[in-house]
Amino acid sequence: MEPPQWTLAELLDEVAKRLQESFEKYRAKLEVEEVGRLTYVGHGTARVAGLPRVQSQELVRFPGDRFGLAFNLDPEEVGVVLLDRGEGIAAGATVRRTHRVLDVPVGDALVGRIVDGLGRPIDGVGPIHATARRPVERPAPAIMDRAPVTVPLQTGIKVIDALIPIGRGQRQLILGDRQTGKTAIALDAIVNQRDTGVICIYCAIGQRSASVARVVDDLRRCGAMRYSVVVATTEERPPGEQFVAAYSAMSIAEYFMERGEDVLLVLDDLTRHARAYRELSLLLRRPPGREAYPGDIFYIHSRLLERSTHLRGELGGGSITALPIVETEAQNISGYIPTNIISITDGQVYLSPELFDKGILPAVDVGKSVSRVGGKTQLAAYRSVAGDLRLAYAQFEELEAFARFGTRLDPATRKILERGRRVREILKQPQYEPLPVAQQIAVLIAVNAGVLDEIPLAQVPAAERLIRQAVAQLPEVISRIESGQPVTDQDRGSIVKIAMQAIAAFAET
Ligand SMILES: Nc1ncnc2c1ncn2[C@@H]1O[C@H](COP(=O)(O)OP(=O)(O)O)[C@@H](O)[C@H]1O
Ligand SMILES: [Mg+2]
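Figured I'd write up the structure that's included with this text. Position numbers for residues count from 1 along each chain, tracking the sequence in the order it is written. For naming, the first written chain is A and the first written ligand is 1, with later ones following in the order written. In view of the model being predicted, local features appear only for residues whose pLDDT reaches at least 70, and side-chain atom pairs are presented and counted only at 80 or more, with totals across whole chains, interfaces and linings using the full set of residues. Side-chain numbers come from the whole structure's heavy atoms, not from hydrogens or water.

## Section: the environment of Val477
- Under the DSSP-based scheme used, a helix requires at least four consecutive residues in state H or I and a strand at least two consecutive residues in state E, with every element numbered from the N terminus. Counting through the fold element by element, Val477 comes out in helix H14 (residues 475-482).
- When the C-alpha positions of Val477 and Leu323 are compared, they lie 31 Å apart, and in sequence the two are 154 residues distant.

Here's what the structure looks like:
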């Protein structure tokens, strides 16, 4: 092989070029990394010296790839909220700045998965290959980017869809003492999104592991994990993770909303979220205020819930319907946290332990519940039954208190009582049985029309079932109701007729 013919000048050029290249390659790169030192680690928080330029809410890294959030920027030290458990991290350890804020994976890859408060998978089925990451803290959409709430979000629960309707993009609080069925209502609403294309996110904050496991089990059994994401922090997780979980869940929801989709986000619950924040604030020695909560507790919840909205059509028209849950103590709905959250939501569903004890389930106290925007979105058919229903129920509740004294009742009063009892019976509903719109409307029309007045109370549930089955005979009426048209007198007539036929058959058997 002929050696290449170089002139001396060319050869020198070539040598110079190669030398230059290898210099480039091996030149030491200087990087400034800010490293601080841990001066104190406690339960959930830590203090770090030597990070003077760290920013508020910046992620810092401890040995072993554990993270914290810079929270308090004091002149000598930085107060850090631990996002991982503190075990194994000791004073003296190095702490590094990351120059990043906390973010979570978002996208379709999360659907069907269970993640922790930082978006890391905890369901043991492998890593999540997410399309993107989003910061957990984001500003809420501007007022001009929002559209009025116009489309109903059907929960499938008669008493809610008829009397306390929720619209897509609304923030509706579910509130009540422990064990009154708050979680149950949220889960039924999720289960009812089966064929609606609404993506559901259930965020468990500071709950017992057993409760979270039960929720996940129930969602699986109902086939709801197919379109749901579970963000779960249990009570043994650090308060920092419990605190950020709500924002993580909101960021995951926002990704879908900004893609033009409708999302249902359950935050179960904000009482525990507030407690986690109070714990962190006290550990970081922020001044406590009312009920020992820090002064910005109202702001942390409004900042969160303001992010749920209905976007304008030009922005894709997506929505996040938020169902924050608050647990009251001894029915005190005027406690600090409940009143704060009542004031930043568009209504509340109040669950009463007294109704629960009487077996009136769901234990919704209609008088103390309200939906401030959902009414405008409600399908027309509901509007035609809700008025009568509410009236019958209110009259009944008033009279029932008196009737208990055993006074002799005139026939008109007795009629109101009998009707009211049947309305209450009809509004009962077992868990995990959300109902389609047309079936709800049919039974509500039937009870309003007095079809059930002669049926013994104990047999009302069975009669209801027959009426619901009978609706299938009226496909045109069903499609008119579902498309949001008002119920005509003729439609009402046909519903009453098939309802009477249905229970006539029932009465014979
Ligand atoms: N509509 C219902 N019908 C029957 N049982 C219900 C209903 N709603 C709730 N429950 C039951 O009541 C209990 C408490 O409900 P849960 O939703 O866990 O309460 P909370 O979240 O308020 O503590 C659960 O065992 C649940 O299964
Ligand atoms: Mg619960």
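## Some details on the site of ligand 1
- Around ligand 1, the surrounding shell holds 14 residues, and the nearest of these are Gln179, Lys182, Thr183, Ala184 and Gln431.
- Whenever two N or O atoms come within 3.5 Å, that pair is a polar contact, provided that in protein one can donate a hydrogen and the other can accept it, and provided that, for residues adjacent in sequence, both atoms are side-chain atoms. One of the backbone N or O atoms of Thr180 is found 3.1 Å from an oxygen atom in ligand 1.
- One nitrogen or oxygen atom from the side chain of Gln431 is found 2.6 Å from an oxygen atom belonging to ligand 1.
- Here ligand 1 has 560 Å² of accessible area as a free molecule, and 71% of this is covered by the chains.
- Per-element accounting of the shell around ligand 1 gives the leading share, three residues, to helix H3 (residues 182-191). Throughout, the term near means that a residue has one or more heavy atoms lying within 4 Å of the molecule or strand in question. Computed with a 1.4 Å probe, the accessible areas rest on the Shrake-Rupley method; for each residue, only the protein chains presented here act as cover.

## Overview of the side chain of Asp116
- Following the sequence through the fold, Asp116 ends up in the loop between strand E8 (114-115) and strand E9 (132-135).
- With sequence-adjacent residues up to four places away left out, Asp116 is seen in contact with Ile122, Val231, Ala232 and Glu241. Here, residues are in contact when the closest pair of their heavy atoms is within 4.5 Å.

## Here's the deal with the pattern of salt bridges
- By definition here, a salt bridge exists when the distance from a side-chain nitrogen of Lys or Arg to a carboxyl oxygen of Asp or Glu is within 4 Å. On inspection of all chains with the given rule, the structure shows 39 salt bridges.
- Residue Arg259 pairs with Asp108 through a salt bridge whose shortest N-O separation is 2.9 Å. Highlighted residues: Arg259 in the loop between helix H5 (239-258) and strand E13 (262-268) and Asp108 in the loop between strand E7 (103-106) and E8, separated in sequence by 151 residues.
- Classification of residues uses two cut-offs on accessible area relative to the type maximum, computed with a 1.4 Å probe and protein chains only: under 20% is buried, over 50% is exposed, and between them is partly exposed. Assessed through its relative accessible area of 37%, Arg259 is described here as partly exposed.
- Taking relative accessible area as the criterion, Asp108 reaches 45% and is therefore assigned partly exposed.
- Residues Asp269 and Arg272 are paired through a salt bridge, measuring 2.5 Å at the closest nitrogen-oxygen approach.
- The buried category is assigned to Asp269, whose relative accessible area is 2%.
- Here the residues in one salt-bridge network are Arg134, Arg138, Glu254, Glu258 and Arg307, joined through shared partners.

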